[in-house]
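A closer look at the structure
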Amino acid sequence: MRIELAGRNPLRRRELRADFHGDTGNLVLDARGLQWVSPLELAAIVTMGTVAAARGREVHLLVPHDPKITSYLVRMNVVELLKPFAEIEGSVPSQVRRDHSDKLLEVAEVTPANIDDISETLGRLVKARLGPEAGRAAFRSLGELLSNATTHGYSETGAFIAAQLYSGTLSRTPGFEFAVCDSGDGIQKVLSRTTNQDLEGPPALELALNGGNRRGEGRGHGLPNLWRQAVRGGKGGELMLRSGDAVATAKLRPEPTSICSRVAEPVDGTWAWLRVRVP
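The notes below deal with the structure included here. Note that the structure is predicted; figures quoted are calculated from it, not measured.

1. Focus on the overall build of the chain
When helices and strands are tallied, the chain shows nine helices and 12 strands. By residue count, 56% of the 279 residues in the chain fall in the buried class. Long-range contacts, defined here as pairs at least 24 residues apart, represent 68% of the contacts in the chain between residues at least 6 apart. Carbon and sulfur atoms make up 48% of the accessible area of the chain, which amounts to about 12,800 Å² in all.

Set out below in structure tokens:
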């Protein structure tokens, strides 16, 4: 299978660009045309590669033609995490790593053992960008997504996260982005167990966005409340969930709206991406 990672933020598109022509069961991550990458692409690339390798498949990463994008993949640990099992094809620059811990969280595996340390790092990042009150609200949402990935979303191939703060100098949208990708059971299976319903595709994600997951477990009010917490004090935000054969996006500009749809190419587990804009 070949996954085309081209243009700007390709994994935030509704459909993955996958090619099964002549499929041998191996995974080719074709990032040659990549022009801009967010934490979602960073975490998902490592997750897809890790899952494929665990299943005995060959993994190939075709690095971007743009040396700046390739350098960013190196900076954010993508190449380092893939190297033990993947063939890296293309020119990869050497890099002297500078300390950007005030605005970056490089791709890292999150586990039940290190979740507290990663949560502390994330807390410092968002509070620095949003201020104490809004930062605490956003941190609660990030903590919930992390918790999901290390409980019912956890598997032998782990879960991976990435985060970045943006000043707005280039993007004109200051704020932060966070992503966590796991290869666990996925939202549909989890909700089917906790609600005793046979849920598939978009209805499962719709229920998760409306709080069905946590209500089914008898706790709290689910993702919508957490998502609103995340954008408190900001100019708006967006939450994207991809699980199995469904994708959901939820926006708060200025009123909450959500869209859930079925997609052609499913993914293992759940991918979650959160963006918050700030004044």
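2. Examining the sheet that holds strand β6 (residues 59–62)
Spatially, five strands are ordered β3-β1-β4-β6-β7 in an open sheet, and the strand pairing comes out mixed. Looking at the sheet topology across the chains shown, the edges are occupied by β3 (18–19) and β7 (86–89). Strand direction decides the pairing type here: strand β1 (residues 2–4) and β3, joined by two bridges, are antiparallel. Note on β3: the bridge partner recorded for Arg2 is Asp19. Contacts from helix α1 (residues 39–54) reach β4 (27–30) and β6, with the element oriented near 165° to β4.

3. A word on helix α6 (residues 186–195)
Taken across its 10 residues, α6 has seven buried, putting it largely inside the fold. When we look at burial in α6, the residues that qualify are Gly186, Ile187, Gln188, Val190, Leu191, Ser192 and Thr195. Asn196, located one to two residues past α6, shows a positive phi value of around 60°.

4. As for the side chain of Thr150
The residue Thr150 is located in the loop between α5 (132–149) and β9 (159–166) in this model. Contact partners of Thr150, with chain neighbours within four places excluded, come to Val110, Thr111, Pro112 and Ile115.

5. Some points on the nonpolar core
One finds Leu42 and Trp271 to be the most contacted residues of the largest nonpolar core, which totals 42 residues. Not counting residues within four places of it along the chain, the set of residues in contact with Leu42 comprises Val37, Tyr72, Leu73, Met76, Val78, Val107 and Ala162. Ile115, Ile187, Leu199 and Ala272 belong to the second-largest nonpolar core, a separate cluster that totals 35 residues.

6. Quick word on the packing of α6 against helix α7 (residues 201–209)
When two helices pack together, their arrangement is captured by the angle between the axes and the distance separating the axes. Packing of α6 against α7 brings their axes to within 9 Å, and their N-to-C directions diverge by 70°. In terms of orientation, α6 and α7 fall into the roughly perpendicular class. Pair α6 / α7 crosses with left-handed handedness. Contact residues: α6 offers Ile187, Gln188, Leu191 and Thr195, while α7 offers Gly201, Ala204, Leu205, Leu207 and Ala208. Here the residues of the contact of α6 with α7 are counted per class, giving six nonpolar, three polar and no charged.

7. Focus: the pattern of salt bridges
The full count for this structure, using the stated rule, is eight salt bridges. The partner of Arg14 in a salt bridge is Glu15, with the nearest N and O atoms 3.1 Å apart. Linked through salt bridges whose partners overlap, the residues forming this network are Arg2, Asp30 and Arg32.

8. Looking at the side chain of Ser155
Within the secondary structure layout, Ser155 lies in the loop between α5 and β9. Within polar-contact distance, the side chain of Ser155 engages the side chain of Thr157 at 3.1 Å. Sequence-distant contacts of Ser155, defined by excluding residues within four places in its chain, comprise Ser183 and Gly184.

9. What to know about the pairing of β9
Counting buried positions along β9 yields eight of eight residues, so the element is predominantly enclosed. Relative to β9, strand β8 (residues 104–110) runs antiparallel, the two sharing five bridges. Each residue of the ladder has a partner; that of Leu105, found in β9, is Ala163.

10. Side note on the environment of Leu81
Relative to the helices and strands, Leu81 is located in helix α3 (residues 78–82). In this structure the C-alpha to C-alpha distance between Leu81 and Gly49, which are 32 residues apart in sequence, comes to 9.3 Å. In this structure Leu81 touches Val46, Val107 and Phe160, once residues within four positions along its chain are discounted.

So, how was this worked out
Sequence order as written defines residue numbering, which begins from 1 separately in each chain. Given that this is a predicted model, residues contribute local features only at a pLDDT of at least 70 and side-chain atom pairs are listed and counted only at 80 or more, while totals for whole chains, interfaces and linings are drawn from all residues. Side-chain figures throughout are based on the complete set of non-hydrogen atoms in the structure, without hydrogens or water. For helices the rule is a DSSP run of H or I covering at least 4 residues; for strands it is a run of E covering at least 2, with both sets numbered from the N terminus onward. Accessible area is worked out with a 1.4 Å probe on protein chains only. A residue is then buried under 20% of its type maximum, exposed over 50%, and partly exposed in between. The contact definition used throughout considers only heavy atoms, calling two residues in contact when any of these lie within 4.5 Å. Each accessible area is a Shrake-Rupley result for a 1.4 Å probe, and residues are judged covered by the shown protein chains and nothing else. Pairing between strands is defined by DSSP: at least two bridges between the two strands are required. In this description, a line fitted to the C-alpha atoms serves as the axis of each element, helices being fitted only across the stretch in contact, and the angle between N-to-C directions of two axes falls anywhere from 0 to 180 degrees. The nonpolar core is taken to be a set of buried Ala, Val, Leu, Ile, Met, Phe, Trp, Tyr and Cys residues, with the residues joined through side-chain atoms within 4.5 Å. Small angles under 35 degrees read as roughly parallel and large ones over 145 as roughly antiparallel, with 65 to 115 read as roughly perpendicular and the rest as oblique. Here a crossing is called left-handed whenever its near helix is offset anticlockwise from the far helix by less than a right angle, and right-handed whenever the offset is clockwise. The nonpolar class holds Ala, Val, Leu, Ile, Met, Phe, Trp, Tyr, Cys and Pro. Asp, Glu, Lys and Arg form the charged class, and all remaining residues, Gly among them, are polar. Salt bridge criterion: a side-chain nitrogen from Lys or Arg within 4 Å of a carboxyl oxygen from Asp or Glu. Any N or O atom pair separated by 3.5 Å or less is treated as a polar contact, with the protein-specific requirement of one donor-capable and one acceptor-capable atom, and with residues adjacent in sequence counted only for side-chain atom pairs.

The analysis is restricted to geometry; functional conclusions fall outside its scope.
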